[in-house]
Amino acid sequence: MRICSWNINSVRLRAPIVQDMMNEYQPDIVCLQETKTPDDKFPFEAFESLGYNHIHISGIKGYNGVAIISKMPISQPEIYSRVDRADGRHISARFMAEGFAKPIEIHCIYIPAGGDEPDRAINEKFAHKLDFIAELDAWFTHNHSDDTAMVALGDFNIAPLEHDVWSHKQLLKTVSHTPIEVEALTAMQSSIDWVDALRHFVPEDEKCYTWWSYRNRDWRKSNRGRRLDHIWVTPDLKPRLKSHIIVSDARDLVKPSDHVPVMVDFDFS
DNA sequence: ATGGTAGGTACCCTA
């Protein structure tokens, strides 16, 4: 079974490249962030026409927005208001995988970017980011159960490890790689022993990126990337992790997203 | 130290 996460930066503009990705990689579930589309304008047909008939979304006008797009039936769709905002950043749904006894609950998450200044006292956006993570941490700690496996994925807007950025030293004061937010994300990860599935496959001393800024003339040449997109799984799924794909070539498409698709394959046989 | 690009929206926000 293959699960994919992609910050698509407008699903209406880029539905065709999502379709191309679906045709090429055949993921069973695709989770999108930054759909930037109200629910009544979501391009359902584009995905239903490819057999993705089970879609759960939470969109708002202009920014944010998340989607879970599945070939398999999903149940218990949930939409969460985090930090008292109904702003399209966190949804979940459950599905059953053949060969795996427990239901799997998948959480599609778009953590706030956090603005420019890494100081909660003077930057409300950074405070929002930290509050969002703390609330998520508490929610998962309180709600996880051995009866249900979980996958938490999406654009976390944090590159936690030294080799998740092109220059650890030069980015220590840049939001997405500052110690305070890395610490918050690491605390959340350790609360219920989330397994970082991409780093399960990519050694920690190896550079690994999923995002390259639009503000570089030649993203491949400068290669100033960051690993902002993550797929985490609960420990019961760790033995089922089979392989991963980071579709870096998607950064070279015409009118690309600044993020590329990340995928994990599970073996439930 | 600075500014570079992109999308959506409505003349400016977020990333």
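As a reminder, the structure under discussion sits directly above these lines.
Owing to the predicted nature of the structure, the values given are computational and were not obtained by experimental measurement.

Give me the lowdown on the protein's contact with DNA strand B, citing residues and values where you can.
As a matter of local geometry, DNA strand B sits amid 15 residues, with S10, R14, Y214, R215 and K255 nearest to it. Within the side chain of R89, a nitrogen or oxygen atom sits 3.4 Å from a phosphate oxygen of DNA strand B. At 3.3 Å, a side-chain N or O of K125 approaches a phosphate oxygen of DNA strand B. Grouping the amino acids of the surface near DNA strand B by side-chain chemistry returns four nonpolar, three polar and eight charged.

Describe the sheet that holds strand β5 (residues 75-79), and please don't skip the residues or the numbers.
A sheet is described by the order of its strands in space; here six strands give the open sequence β5-β6-β7-β8-β12-β9, paired in mixed fashion. Bordering the open sheet on either side are β5 and β9 (195-196), each of which pairs with just one other strand. Of the pairings in the sheet, the one linking strand β7 (residues 103-110) to strand β8 (residues 149-155) comprises seven bridges and is parallel in character. Directly across from C108, in β8, lies its bridge partner L153.

So what's going on with the pairing of strand β6 (residues 90-96)? Which residues, and what values?
For β6, a buried count of five out of seven residues is recorded, marking the element as mostly surrounded by other parts of the structure. As paired strands, β5 and β6 are joined by three bridges and run antiparallel to one another. Bridge assignment links I79 to a residue of β6, and that residue is I91. Connecting β6 to the next strand, β7, in antiparallel fashion are six residues, including G99 with a positive phi near 95°.

Describe in detail the environment of G225, supporting the description with residues and values.
Counting through the fold element by element, G225 comes out in strand β11 (residues 225-226). Residue class for G225 comes out buried when judged on its relative accessible area of 0%. As for G225 and P239, which are separated by 14 residues in sequence, their C-alpha atoms are 30 Å apart.

Explain the nonpolar core residue by residue, including any values.
By size, the foremost hydrophobic cluster in this structure holds 58 residues, and its most contacted members are F47, I69, I104, I106, V151, L237 and F266. Per-element accounting of this core gives the leading share, six residues, to helix α1 (residues 11-25).

How would you summarise the sheet that holds strand β13 (residues 241-246) if you had to cite specific residues and measurements?
Spatial strand order, β3-β4-β2-β1-β14-β13: six strands in an open sheet with mixed pairing. Only two strands of the sheet have a single partner each, and these edge strands are β3 (54-58) and β13. Taking each pair of neighbouring strands and ignoring which way they run, the sheet shows an average axis angle of 10°. Bridging between β13 and strand β14 (residues 262-266) involves five bridges; their strand directions are antiparallel. When the bridges of β14 are listed, H244 appears paired with V264. Contacting β1 (2-7), β2 (29-33), β4 (66-70), β13 and β14, α1 crosses the sheet at an angle of about 155° to β1.

Reading the values: the criteria
- Residues numbered from 1 in each chain as written.
- Chains lettered and ligands numbered in written order.
- Predicted model: local features only at pLDDT ≥ 70, side-chain atom pairs only at ≥ 80, totals over all residues.
- Heavy atoms only, no water.
- Near = heavy atom within 4 Å.
- Polar contact = N/O pair within 3.5 Å; in protein donor to acceptor, adjacent residues only side chain to side chain.
- Nonpolar A, V, L, I, M, F, W, Y, C, P; charged D, E, K, R; others polar.
- Pairing = 2+ DSSP bridges.
- Helix = DSSP H or I, 4+ residues; strand = E, 2+ residues; numbered from the N terminus.
- Buried < 20%, exposed > 50% of the residue type's maximum accessible area, 1.4 Å probe, protein only.
- Core = buried A, V, L, I, M, F, W, Y, C linked by side-chain atoms within 4.5 Å.
- Axes fitted to C-alpha atoms, helices over the stretch in contact; angles between N-to-C directions.
- Contact = heavy atoms within 4.5 Å.

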